[in-house]
Amino acid sequence: MRLVIARCQVDYAGRLTAHLPMATRLLLVKADGSVSVHSDDRAYKPLNWMSPPCWLTEEPGTWTVQNKAGEKLIIGLEEILHDSKHELGAEPGLVKDGVEAHLQALLAEHITTLGEGYALIRREYMTAIGPVDILCRDADGATVAVEIKRRGELDGVEQLTRYLDLLNRDPLLAPVQGVFAAQQIKPQARTLAEDRGIRCVTLDYEALRGMDSDEFRLF
């Protein structure tokens, strides 16, 4: 992991164009090749980023990050205040609590809980920023990403939003819709999710546990 704090401006050139004017920011370069630009007021969400596979070219005063599609993130460096590298080691992964992990397994087994015609693609669908709990398709064949929590709070909505931002960049999956599923969903989280076009589903753990399993059924 490389951490660079610098006064910089950032330009994105691709399907759209975007510009960040000169300011002091944190630049993260990860071992997977991804590059992200952060400010001090956005919690964990970057201002802009390039997901792998991509390539960083460094020249005096300029970083250029480009992916296979030809999209570019051009970072103009006025002053570098800090530049360090750190070996983080192997990531053991997120360990869900028992109820949350069981909810994921039950919902994957009974995916039509989300609606008639839903079909499972896979559990723990890996992305560059972590695994999506469930990836599935709805009755119309559209891709749906599902984030599962025991208690649905704002951070869960933000997590799903990041996954959707990334998945919708993949032409093989896009457009990807979101479902935020939990045993309890706080009103603020529901409001934020619905404002972002994410459907909220309240899960009944006991009802899911009581459903007949069709995993080994022959007919």
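Residues numbered from 1 in each chain as written. Predicted model: local features only at pLDDT ≥ 70, side-chain atom pairs only at ≥ 80, totals over all residues. Heavy atoms only, no water.

- As recorded in an unreviewed UniProt entry, the protein chain goes by the name Endonuclease NucS, listed as coming from Actinophytocola gossypii.
- Looking at the protein chain in UniProt, the text filed under Sequence similarities (unreviewed entry) is "Belongs to the NucS endonuclease family."
- Quoted verbatim from the Function (unreviewed entry) field of UniProt, the annotation for the protein chain is "Cleaves both 3' and 5' ssDNA extremities of branched DNA structures." (UniProt positions renumbered as here; feature names shortened; annotations may be inferred.)

1. Section: the pairing of strand β7 (residues 72–85)
In step 1: Sheet analysis places strand β1 (residues 2–13) next to β7, joined by 12 bridges and oriented antiparallel. Bridge pairing in β7 places I5 opposite H82.
In step 2: The turn joining strand β6 (residues 62–67) and β7, which pair antiparallel and follow one another in sequence, is formed by 4 residues; a positive phi near 90° is taken by G70. (Pairing = 2+ DSSP bridges. Helix = DSSP H or I, 4+ residues; strand = E, 2+ residues; numbered from the N terminus.)

2. Thoughts on helix α3 (residues 187–195)
In step 1: Listed as buried for α3 are A189, L192 and A193. In an axial view of α3, the angular spread of the buried residues amounts to 100°, which keeps them on one side of the axis. The exposed residues of α3 that point more than 90 degrees off its buried face are P187, T191 and D195.
In step 2: On its buried side, α3 packs onto β10 (143–152), α2 (154–167), β11 (176–185) and β12 (199–202).
In step 3: Phi turns positive, to about 80°, at G197, one or two residues after α3. (Buried < 20%, exposed > 50% of the residue type's maximum accessible area, 1.4 Å probe, protein only. Arc of directions from axis to C-beta. Contact = heavy atoms within 4.5 Å.)

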